[in-house]
Amino acid sequence: MLVHAIPTNATYEFAEDVRDGLTRPGQKELPSKYFYDDVGSALFEVISRLPEYGLTRADERLLRRHADEIVSRLAGPVAVAELGSGSGKKTRWLLQALAQRQRTFYYPVELSRSALAMCERELSDIDSISILGFEREYLDGLLEVAACRERGQHLLVLFLGSTIGNFDRVAGVRFLAEIRRILEPGDSLLLGTDLEKSSAQLLQAYDDELGVTAAFNLNLLARINRELGGNFTLGQFAHAPRVNHEARSVEMHLRSKCRQTVSIAEAELDVEFLEDETIWTESSHKYLAEEIFKIGLEAGFRCEAQWIDQQWPFAENLLIAE
Ligand SMILES: C[S@@+](CC[C@H](N)C(=O)[O-])C[C@H]1O[C@@H](n2cnc3c(N)ncnc32)[C@H](O)[C@@H]1O
């Protein structure tokens, strides 16, 4: 697979974002996109196989069962751009269905180079497929994909795994509207959304018994140590997920077990933590199935079809750009 590598000064931006998030008055924060270095991407793959985390399996079941129908609803020919593809494992079902009707161009857009490499290993055996990875932010990558579309070709954008849930609700609609602005009428967006479920089920999903999600969360501090010369003592922080009923989300935090000061050389930062103070590292918002129609309309899409998994409440939504 060819990869368009990231062009920016990634370490400098990482240091700026860390400084900004950890000096914020009130709640300290770190952006969740920094979870996914090589270690984080590998840990996420393990999370997606844990018995407690049914989300990825539900997404995959829907794609496997309905791939032919999804493809039959698309005006062709179609090129596929996947935002935050991860390993691309579940995307196989769609790409195989598409490859039966046309030569298929697949463009994974990813910040994680190791996820792009997994994608190639996972999918390059599919007949009649060309894969070109973009090591880019979601919208930057999508703009580049759209710029090289051929005349008469439609785009199918995949945003699977309920990654949309990492945005708060207002920012989520804004993000979908940004995608819509890059698309043309008749292009489509297949959007995975995790649906509301009990607090107990959510907490189990984000706090597995083996501690893989805890390691995934703590790896963010380990990454700061590795790449920015930080001196976080990982044993002095604990993975702390919580349900936010008002926001209808699960939040992941890292809780400082004691009063401590941490230095981060590349960010030119000494930061103090009180005992039990937390760093907010990720939110995963949950949806009602009917809410997606409204969100889609607000962003400039009509909902062509929706499929819901029976074992784990999760919806796959096919949205068409109007
Ligand atoms: C929650 S994982 C989902 C992976 C896969 N889509 C799935 O459903 O299993 C999110 C993926 O998006 C990538 N990612 C996160 N923020 C990104 C951004 N701003 N731009 C591009 N990729 C991003 C991460 O590297 C990660 O592989």
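Our subject is the structure listed above.
A. How the structure looks around the overall build of the chain. When its secondary structure is counted, the chain shows ten helices and 14 strands. Taken over the C-alpha atoms alone, the chain extends approximately 60 × 40 × 35 Å along its principal axes. Across the 322 residues in the chain, those meeting the buried criterion constitute 55%. If you sum the accessible surface of the chain, you get close to 14100 Å²; carbon and sulfur atoms cover 50% of it. If the 35 positive side-chain charges of the chain are averaged to one point and the 51 negative ones to another, these points end up 3 Å apart.

B. Spatial organisation of the site of the ligand. Neighbouring residues of the ligand: 16 residues in total, closest Gly84, Lys90, Glu110, Glu137 and Tyr138. Here a nitrogen atom of the ligand and a backbone polar atom of Leu111 are 3.3 Å apart. Residues belonging to the shell around the ligand are distributed by class as follows: five nonpolar, six polar and five charged.

C. Quick look at helix α7 (residues 169-182). With 14 residues, α7 extends 20 Å from end C-alpha to end C-alpha; this agrees with the ideal 20 Å at 1.5 Å per step. Among the residues making up α7, those that are buried are Ala171, Gly172, Val173, Phe175, Leu176, Ala177, Ile179, Arg180 and Ile182. A distance of 3.1 Å separates the backbone nitrogen of Val170 from a side-chain oxygen at the start of α7, and that oxygen is part of Asp168.

D. Structural detail: the packing of helix α2 (residues 38-47) against helix α9 (residues 212-228). Relative to each other, α2 and α9 sit at 175°, their axes nearing to 9 Å. One element, α2, and the other, α9, form an angle in the roughly antiparallel class. Within the contact between the two elements, α2 uses Val39, Gly40, Leu43, Phe44, Val46 and Ile47 and α9 uses Val212, Thr213, Ala215, Phe216, Asn219 and Arg226. Broken down by class, the residue content of the contact of α2 with α9 amounts to eight nonpolar, three polar and one charged.

E. Layout of α9. Between its terminal C-alpha atoms α9 stretches 24 Å, which fits the 24 Å expected from 17 residues at 1.5 Å a residue. Along its length, α9 reaches its greatest deviation from straightness, about 30°, at Asn219. Taken across its 17 residues, α9 has 13 buried, putting it largely inside the fold. With its phi angle positive at about 65°, Gly229 sits one or two positions after the end of α9.

F. View of the nonpolar core. Core analysis: the largest hydrophobic core is formed by 64 residues, its most contacted members being Leu22, Leu190, Phe232 and Ile264. When near neighbours in sequence (up to four residues on either side) are disregarded, Ile264 contacts Val18, Leu22, Ile224, Leu228, Gly229, Gly230, Phe232 and Leu269. Formed by 33 residues, the second largest nonpolar core is a distinct cluster that contains Ala79, Leu142, Leu155 and Tyr287.

G. Inspection of the sheet that holds strand β12 (residues 278-285) at higher detail. The four strands lie next to each other as β2-β12-β9-β8, forming an open sheet whose pairing is mixed. In the strand order of this sheet, the two ends are held by β2 (28-29) and β8 (237-244), each with one partner. Its contacts with the sheet place α9 against β8, β9 (249-256) and β12, and it is angled at close to 60° to β9.

H. Expanded view of the pattern of salt bridges. Considering all chains together, one arrives at 27 salt bridges under this definition. Of the charged contacts in the structure, one is a salt bridge between Arg61 and Asp309, with a shortest N-O distance of 2.7 Å. Residue Arg61 is found in helix α3 (residues 55-72), and its partner Asp309 is found in the loop between β13 (301-308) and β14 (314-321); the two are separated by 248 residues along the sequence. As far as burial versus exposure is concerned, Arg61 and Asp309 are alike and both buried. Between Glu178 and Arg181 there is a salt bridge, and its shortest N-O distance comes to 3.3 Å.

I. Broad picture of the side chain of Thr91. Looking at the secondary structure, you find Thr91 in the loop between β3 (78-83) and α4 (92-99). Setting aside residues up to four positions removed in sequence, Thr91 forms contacts with Glu82, Tyr106, Leu158 and Leu160.

J. Seen up close, the packing of aromatic side chains. Summed over all chains, the structure comprises 15 aromatic pairs. Relative to Phe175, the ring of Phe167 has its centre 4.6 Å away and its plane inclined at 20°; by these criteria the two rings are stacked. Here the aromatic cluster, defined as three or more aromatic residues joined through ring pairs, consists of Phe35, Tyr36, Phe44 and Phe216. One residue, Lys28, lies across the ring of Phe273, its end atom 5.2 Å from the ring centre.

Criteria and thresholds
- Residues numbered from 1 in each chain as written.
- Predicted model: local features only at pLDDT ≥ 70, side-chain atom pairs only at ≥ 80, totals over all residues.
- Heavy atoms only, no water.
- Helix = DSSP H or I, 4+ residues; strand = E, 2+ residues; numbered from the N terminus.
- Buried < 20%, exposed > 50% of the residue type's maximum accessible area, 1.4 Å probe, protein only.
- Areas by Shrake-Rupley, 256 points an atom, 1.4 Å probe, with all protein chains shown as cover.
- Lys, Arg positive; Asp, Glu negative; His and termini not counted.
- Charge placed at Lys NZ, Arg CZ, Asp CG, Glu CD.
- Near = heavy atom within 4 Å.
- Polar contact = N/O pair within 3.5 Å; in protein donor to acceptor, adjacent residues only side chain to side chain.
- Nonpolar A, V, L, I, M, F, W, Y, C, P; charged D, E, K, R; others polar.
- Expected span 1.5 Å × (residues − 1).
- Axes fitted to C-alpha atoms, helices over the stretch in contact; angles between N-to-C directions.
- Parallel < 35°, antiparallel > 145°, perpendicular 65-115°, else oblique.
- Contact = heavy atoms within 4.5 Å.
- Bend = angle between axes of the 7 residues up to and from the residue.
- Core = buried A, V, L, I, M, F, W, Y, C linked by side-chain atoms within 4.5 Å.
- Pairing = 2+ DSSP bridges.
- Salt bridge = Lys/Arg side-chain N within 4 Å of Asp/Glu carboxyl O.
- Phe/Tyr/Trp six-rings, centres within 6.5 Å; stacked < 30°, edge-to-face > 60°.
- Lys NZ or Arg CZ within 6 Å of the ring centre and 35° of its normal.

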